[in-house]
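Understanding the architecture of this molecule
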Amino acid sequence: MDSGGLRRAYGGVFAEIDGAVFGPPPEGQLSAEQIVAHLVANDELMIQATEALLAGSTFAYYDLEDIHRPQLDALIAEQGGVRGLAALLHGTSDRLCALVDQLGLAADTPVETHLREGFDLIVDEPLPWSRTLDLHTRVHLPKHQAQLHLLRT
């Protein structure tokens, strides 16, 4: 498996984050800081599942639904806002992409996947890990890139 598409998708997100100034979100929506914190937390979960597959596990679990706003807010405070989070995201995305490049046939391993991103992306079933990575690349990252773009001032 090749991480080229994933790296390009992250590049689009970083193009919106790096050097940007963000305004407040519309009511009920995530702030720029919360979006970036969400992506960092998501990367950590994806790294764990990918490492399990690389270690030879025949089963891995990926549950994005367990991340809540208080956890995101704690990560924001810990990292000092969007700049610290962006630096962290650069690191987590690099780690994930490097692991993806090592997957080979393990990319076809089914992973119990639970995620919900509004009404756009709902998954609650085992998927080949390559499919989950593809959803992250083609749907999840572009969605948050667009949200960040709208928050730029």
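For the structure, check the block above.
Presented here is an overview of the structure given in this document. The written sequence of each chain sets the order in which its residues are numbered from 1. Only residues with pLDDT of 70 or above have their local features reported here, since the model is predicted, and side-chain atom pairs are shown and tallied only from 80 upward, although totals for entire chains, interfaces and linings are computed over all residues. Side-chain measures were taken over the full set of non-hydrogen atoms in the model, leaving aside hydrogen atoms and water.

1. Topic: the overall build of the chain
To be explicit about the condition: Each helix is a run of DSSP H or I of at least 4 residues and each strand a run of E of at least 2, with the numbering of both proceeding from the N terminus. Each radius of gyration is computed over the set of C-alpha atoms, and the globule rule expresses the reference value as 2.2 Å times the number of residues to the power 0.38.
Scanning the chain from N- to C-terminus turns up five helices and three strands. Each helix (α) and strand (β) of the chain, taken in turn from the N terminus, gives the series α-α-β-α-α-β-β-α. Computed over its C-alpha atoms, the radius of gyration of the chain comes to 15 Å, within 12% of the 15 Å expected for a compact globule of 153 residues. Counting only C-alpha atoms, the chain reaches 45 × 25 × 25 Å along its principal axes.

2. Some words on the nonpolar core
A general tendency of soluble globular proteins is for nonpolar side chains to be buried together. Our working definition: Among buried residues, those of type Ala, Val, Leu, Ile, Met, Phe, Trp, Tyr and Cys that are joined through side-chain atoms within 4.5 Å constitute a nonpolar core. Whether a residue is buried, partly exposed or exposed follows from its accessible area with a 1.4 Å probe, protein chains only, as a fraction of its type maximum: under 20%, in between, or over 50%, in that order.
Core analysis: the biggest nonpolar cluster contains 48 residues, and Tyr-10, Ile-17, Leu-89, Trp-129 and Leu-148 have the highest contact counts within it. Broken down by element, this core gets its largest block of residues, 11 residues, from helix H2 (residues 32–54).

3. With respect to the environment of Leu-85
Note the following rule: Note on contacts: a residue pair qualifies if any of its non-hydrogen atoms lie within 4.5 Å across the two residues.
Mapped onto the secondary structure, Leu-85 falls in helix H4 (residues 82–102). When its relative accessible area of 0% is taken as the criterion, Leu-85 is described as buried. Sequence spacing of Leu-85 and Pro-24 is 61 residues, and the spatial spacing of their C-alpha atoms is 17 Å. Residues contacting Leu-85, with those up to four places away along its chain left out, are Glu-33, Val-36, Ala-37, Val-40, Leu-75, Ile-76 and Gln-79.

4. Quick notes on the pattern of salt bridges
For the record, the criterion: The rule for a salt bridge is simple: a side-chain nitrogen of Lys or Arg has to be within 4 Å of a carboxyl oxygen of Asp or Glu.
Overall, the coordinates contain five salt bridges when judged by the stated rule. Put simply, Asp-134 and Arg-131 hold a salt bridge, and the shortest N to O gap is 3.0 Å. Here Arg-131 and Asp-134 lie together in helix H5 (residues 129–151), a separation of three residues that amounts to about one turn. Residue Arg-138 pairs with Asp-134 through a salt bridge whose shortest N-O separation is 2.9 Å. Of this pair, Arg-138 and Asp-134 both sit in helix H5, four residues apart, which is roughly one turn of that helix. Salt bridges sharing partners connect three or more residues here, namely Arg-131, Asp-134 and Arg-138.

5. A short note on H4
The cut-off we apply is this: To estimate how far a helix should extend, the number of its residues minus one is multiplied by 1.5 Å.
Over its 21 residues, H4 extends 30 Å from the first C-alpha to the last, a length consistent with the 30 Å expected when each residue adds 1.5 Å. All of the buried residues along H4 are Val-82, Gly-84, Leu-85, Ala-86, Leu-89, Thr-92, Ser-93, Leu-96, Cys-97, Leu-99 and Val-100. Each element contacted by the buried residues of H4 is listed here: helix H1 (4–17), H2, helix H3 (69–79) and H5. Looking at the residues trailing H4, positive phi occurs at Gly-104, about 55 degrees.

6. Here's the deal with empty space enclosed by the protein
The condition that has to hold: Each cavity reported here is a set of points on a 1 Å grid over the protein atoms alone in which a 1.4 Å probe fits but cannot get out, each pocket an open set with protein on both sides within 12 Å along at least five of seven lines, and each lining residue one with an atom within 4 Å of a point. Grid points are joined across faces, edges and corners, and a volume is the space filled by probe spheres set on the points. Only Asp, Glu, Lys and Arg are considered charged in this grouping, and only Ala, Val, Leu, Ile, Met, Phe, Trp, Tyr, Cys and Pro are considered nonpolar; every other residue, Gly among them, is considered polar.
Following the criterion strictly, the structure yields one cavity of 30 Å³ or more and no others. Taken as a whole, the largest cavity holds about 50 Å³ of empty space. Lining the largest cavity we find Asn-42, Met-46, Tyr-62, Leu-64, Leu-115, Leu-121, Thr-132, Leu-135, His-136 and His-140. Only H2 and H5 provide two or more residues apiece to the lining of the largest cavity. Per-element tally for the lining of the largest cavity: the top contributor is H5, with four residues. Residues belonging to the lining of the largest cavity are distributed by class as follows: six nonpolar, four polar and no charged.

7. Points about the packing of H1 against H4
Here is the rule we go by: Axis definition: a line fitted to C-alpha atoms, over the contacting stretch in the case of helices. Angles run 0 to 180 degrees between N-to-C directions. An angle below 35 degrees is read as roughly parallel, one above 145 as roughly antiparallel, one from 65 to 115 as roughly perpendicular, and any other as oblique.
Running from N to C, H1 and H4 cross one another at 175 degrees; their axes reach a closest spacing of 10 Å. With respect to their mutual orientation, H1 and H4 come out roughly antiparallel. On H4, the residues touching Leu-6, Arg-7, Tyr-10, Val-13, Phe-14 and Ile-17 of H1 are Val-82, Arg-83, Ala-86, Leu-89, His-90, Ser-93, Asp-94, Leu-96, Cys-97, Ala-98, Val-100 and Asp-101. Taken together, the residues of the contact of H1 with H4 sort by class into 12 nonpolar, two polar and four charged.

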